[in-house]
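What the coordinates show
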Amino acid sequence: MRGENQVFPKDPAKTYGLMELVKGTSPMVDKGPEDTVMAWPNLLILEIVVTLGTVVVLLIMSLLFNAPLREPANPGVTENPAKAAWYFLNLQELLLHMSAALAGLIIPVLVIVGLMAIPYVDRSKSDVGVWFASKKGKRIAAFSGIYTGIILIALILFDEFIRVRSIINQPEAVPGWIIPIVVIGGLCFLLYVIIRKWQPTRREVLVGFFSAFFVCYFVLILTSLFFRGYGMHLTLPWHLPPGAIPF
Amino acid sequence: MATSKRSLGSLITRNRIWESIFRQGYPSSDENRARIMFNSWFLHLHPVKVKSHTLEIGYTLGLGVISFVLFSVLVITGAWLMFFYAPSVERAYTDIQTLHNTIAFGALMRNMHRWAAHLMVLFVFLHMCRVFFTGSYKRPREFNWVVGVILWVVTLLLSFTGYLLPWDQLSFWAITVSTNIVGAFPLIGDKIRLLMLGAADTGPEALVRFYALHIAVLPLVMGALIGVHFWRIRKDGGISSPTEKNENESREVTQ
């Protein structure tokens, strides 16, 4: 059966004879039926199709849309809003809600180190090659994504319209460091407590947290890209000032 | 092998020049299909045979290949753009204008470079998510996952350093905003910012530094790491698959 790693059992209907004595074991001992195909042409055709498809899509995009070129750089005229490249807008969004060192240094470094540490935390091979690890993993990923999305949007709206800094502004460490760390840490802990109810494996816990990271990554980018206008205040995409989308 | 037919095909392929380049016949037999893989430099990163699971589009989604294709497009269009661009404050902006308005295919090449860069940032991230969600980072692929995370960071840095080069308001203020974030770090922030910009503010020094990083340093780092990344896919037994969970852990995986 394909995908199953069967061991060849002794067939009682067949007779077995000794043909030759050799030292060592056959490569197929303890292994199932081989399930491989020649790389030429099977793999190469797929690679060529994907390559051509990518180039065609890119060509069409490039014929339809011009790369942006604004006025010449002028240090005397500040852009409003001044946005970073879109893939750094998640960090720029974080920056609105906490101290620069926390948003621009500590969180990105923790994310990169955390990502690198994944294979050394989850060392079991039991669900390699299975999307979201299991059915339970899929449910955990979906829950974790929705949980993160709703809370994140609520937090962004809270900090825009009620503002943490209007409640407590001094000393600087409270709105800049203590509140963000307590809120992020607390929400991660709460997520962990909820995921634990499924009695997950270590990998399923990681699937939940990666799903939360994935949602944070894109919600923060999209918020900053399409919903931040003059002075990086929240606005609707059709009320954005001209040039607020950096494309 | 003697042949009586003198077709055009045999005229081209049955001579010492052709045979010095291609050391096997057309890969229509399994033997020649195997030989072409180790005779060709361009193909030798591939194994002769792959697990049929490797070919399932719904598993890999082609994201790694797409990322590599985008990188190749960026190298080609980037080298072409270098012919028409000088990284000086006086020339950078007008060079881009000239490129857009008067040079044949100039706008198309710049558009392709720009959109391929944006797409690469997106597809490298999506590729990383695919690898995570399918558990493909597990033993023996731990280190290749780490290399992949570094490749993601290098991709971001390449895109970031290229962002300044048009020297328009968009690029100038994006780099100013980003380096101001770095400058706000306690203790070391100012020093790192000075190292990046080469001066107190975004100016000609920053343009030269970003240009050198963008066209020389980072592409070399990227190319070397891509080589390691691909080589390790082979060494770690190809694309991950669910059949591996039963494999003897102590067996060294080579393909």
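Residues numbered from 1 in each chain as written. Chains lettered and ligands numbered in written order. Predicted model: local features only at pLDDT ≥ 70, side-chain atom pairs only at ≥ 80, totals over all residues. Heavy atoms only, no water.

At the interface, 81 residues of chain A touch 90 residues of chain B. Buried surface at the junction of chain A and chain B, both sides included, amounts to about 8,000 Å², of which 73% is carbon and sulfur. It is Trp40, Lys125 and Trp131 of chain A in chain A that bury the most area against chain B; as a group they hold 10% of the surface buried on that side. Counting every contact that joins chain A to chain B gives 3 salt bridges. Among the ionic pairs, Lys138 of chain B bridges to Asp127 of chain A, the shortest N-O distance being 3.0 Å. Counting the contacts that link chain A with chain B gives 34 residue pairs in polar contact (both at pLDDT 80 or more). Among the elements of the structure, strand 1 (36–38), helix 1 (39–64), helix 2 (89–95), helix 3 (100–121) and helix 7 (202–226) of chain A are those that each provide at least two residues to the side of chain A that touches chain B. A total of 17 residues in the side of chain A that touches chain B trace back to one element, the largest contributor, which is helix 1 of chain A. Where strand 1 of chain A lies against strand 1 (residues 49–51) of chain B, 3 bridges are found, and the strand directions are antiparallel. Each bridged residue has a counterpart across the sheet, and for Met38 of chain A the counterpart in strand 1 of chain B is Lys49 of chain B. (Contact = heavy atoms within 4.5 Å. Buried area = accessible area lost by both parts, 1.4 Å probe. Salt bridge = Lys/Arg side-chain N within 4 Å of Asp/Glu carboxyl O. Polar contact = N/O pair within 3.5 Å; in protein donor to acceptor, adjacent residues only side chain to side chain. Helix = DSSP H or I, 4+ residues; strand = E, 2+ residues; numbered from the N terminus. Pairing = 2+ DSSP bridges.)

Residues and elements named next belong to chain A. Cis geometry is adopted by the peptide bond preceding Pro41, which originates at Trp40 and carries an omega value of 5°. Summarising the element assignment, Pro41 is placed in helix 1. Following Asn80, the chain continues into Pro81 via a peptide bond in cis, with omega recorded as -5°. Of note, Pro81 is situated in the loop between helix 1 and helix 2. Although it is not a glycine, Phe132 sits at a positive phi angle of roughly 60°. For Phe132, a relative accessible area of 23% gives the class partly exposed. (Buried < 20%, exposed > 50% of the residue type's maximum accessible area, 1.4 Å probe, protein only.)

Moving on: a nonpolar patch on the surface. Residues and elements named next belong to chain A. Where nonpolar side chains cluster on the molecular surface, the patch consists of Ile153, Leu157, Phe158, Phe161, Ile162, Ile167 and Ile168 and spans about 660 Å² of accessible area. For the nonpolar patch, the element with the highest residue contribution is helix 4 (residues 135–161), accounting for 4 residues. For Ile153, a relative accessible area of 43% puts it in the partly exposed group. (Patch = residues over 30% accessible without salt bridge, like charges linked within 9 Å, V, L, I, M, F, W, Y side chains within 5 Å. Areas by Shrake-Rupley, 256 points an atom, 1.4 Å probe, with all protein chains shown as cover.)

Right, let's get into the packing of aromatic side chains. Throughout the structure, instances matching the rule amount to 31 aromatic pairs over all chains. Look at Phe210 of chain A and Phe132 of chain B: their rings are 4.1 Å apart centre to centre, the planes differ by 10°, and that puts the pair in the stacked class. Taken together, the residues span two chains, with Phe210 of chain A in helix 7 and Phe132 of chain B in helix 7 (residues 106–133). No difference in accessibility class separates Phe210 of chain A from Phe132 of chain B, as the two residues are buried. Over the ring of Tyr163 of chain B we find Arg114 of chain B, and its NZ or CZ is 5.0 Å from the ring centre. (Phe/Tyr/Trp six-rings, centres within 6.5 Å; stacked < 30°, edge-to-face > 60°. Lys NZ or Arg CZ within 6 Å of the ring centre and 35° of its normal.)

Further remarks concern the state of the cysteines. When the sulfur atoms of two cysteines share a covalent bond, that bond is a disulfide. Scanning all chains against the criterion turns up 0 disulfides over all chains. Free cysteine: Cys188 of chain A, not disulfide-bonded; nearest cysteine sulfur from Cys216 of chain A at 8.0 Å. Residue Cys188 of chain A is classed as partly exposed on the basis of its relative accessible area of 36%. Unpaired in this structure, Cys129 of chain B has its nearest cysteine sulfur neighbour in Cys216 of chain A, at a distance of 12 Å. (Disulfide = S-S within 2.5 Å.)

Attention shifts here to the environment of Gly237 of chain B. All names here are of chain B. Among the secondary structure elements, Gly237 is positioned in the segment after helix 11 (204–235). Among the residues examined, Gly237 registers a relative accessible area of 8% and is labelled buried. Note: C-alpha distance between Gly237 and Lys51 (186 residues apart in sequence) is 9.6 Å.

Moving on to the pattern of salt bridges. This model, assessed by the stated rule, comprises 14 salt bridges over all chains. Among the salt bridges present, the one from Glu79 of chain A reaches Arg70 of chain A, with a minimum N-O distance of 3.7 Å. With relative accessibility at 15%, the residue Arg70 of chain A sits in the buried group. Put simply, Lys51 of chain B and Glu244 of chain B hold a salt bridge, and the shortest N to O gap is 3.1 Å. Of the two residues, Lys51 of chain B sits in strand 1 while Glu244 of chain B sits in the segment after helix 11, which places them 193 residues apart along the sequence. Classification of Lys51 of chain B by relative accessible area gives buried; the value is 18%.

Our next topic: the nonpolar core. Ranked by internal contacts, the top residues of the largest apolar core, which has 78 residues, are Tyr87 and Leu115 of chain A together with Phe132 and Trp145 of chain B. In terms of residues, this core owes the most to one element, helix 7 of chain B, which gives 16 residues. In this structure Trp145 of chain B touches Leu115, Met116, Ile118 and Pro119 of chain A together with Met128, Val131, Phe132 and Tyr137 of chain B, once residues within four positions along its chain are discounted. Core analysis: the second largest hydrophobic core is formed by 10 residues, Leu152, Ile156, Val219 and Leu234 of chain A among them. (Core = buried A, V, L, I, M, F, W, Y, C linked by side-chain atoms within 4.5 Å.)

With that settled, consider the domain arrangement of chain A. Entries for chain A in the domain assignment read domain 1 (1–8 + 21–65) and domain 2 (86–239). Of note, the centres of domain 1 of chain A and domain 2 of chain A, computed from C-alpha atoms alone, are 36 Å apart. (Domains from an automatic or database assignment.)

Further remarks concern the side chain of His100 of chain B. Residue placement: His100 of chain B occurs in helix 6 (residues 92–101). What His100 of chain B contacts, discounting residues up to four positions off in sequence, is Asn66 and Ala67 of chain A together with Ala107, Arg110 and Asn111 of chain B.

The next point concerns the packing of helix 3 of chain A against helix 8 (residues 142–163) of chain B. Two numbers describe how helix 3 of chain A lies on helix 8 of chain B: the axes approach to 8 Å, and their chain directions differ by 165°. What the angle tells us is that helix 3 of chain A and helix 8 of chain B run roughly antiparallel. In terms of crossing hand, the pair formed by helix 3 of chain A and helix 8 of chain B is right-handed. Of helix 8 of chain B, the residues touching helix 3 of chain A (which contributes Ile112, Leu115, Met116, Ile118, Pro119 and Tyr120 of chain A) are Glu142, Phe143, Trp145, Val146, Val149, Ile150, Trp152 and Val153 of chain B. Taken together, the residues that form the contact of helix 3 of chain A with helix 8 of chain B break down as 13 nonpolar, no polar and 1 charged. (Axes fitted to C-alpha atoms, helices over the stretch in contact; angles between N-to-C directions. Parallel < 35°, antiparallel > 145°, perpendicular 65-115°, else oblique. Left-handed = near helix turned anticlockwise from the far one by under 90°. Nonpolar A, V, L, I, M, F, W, Y, C, P; charged D, E, K, R; others polar.)

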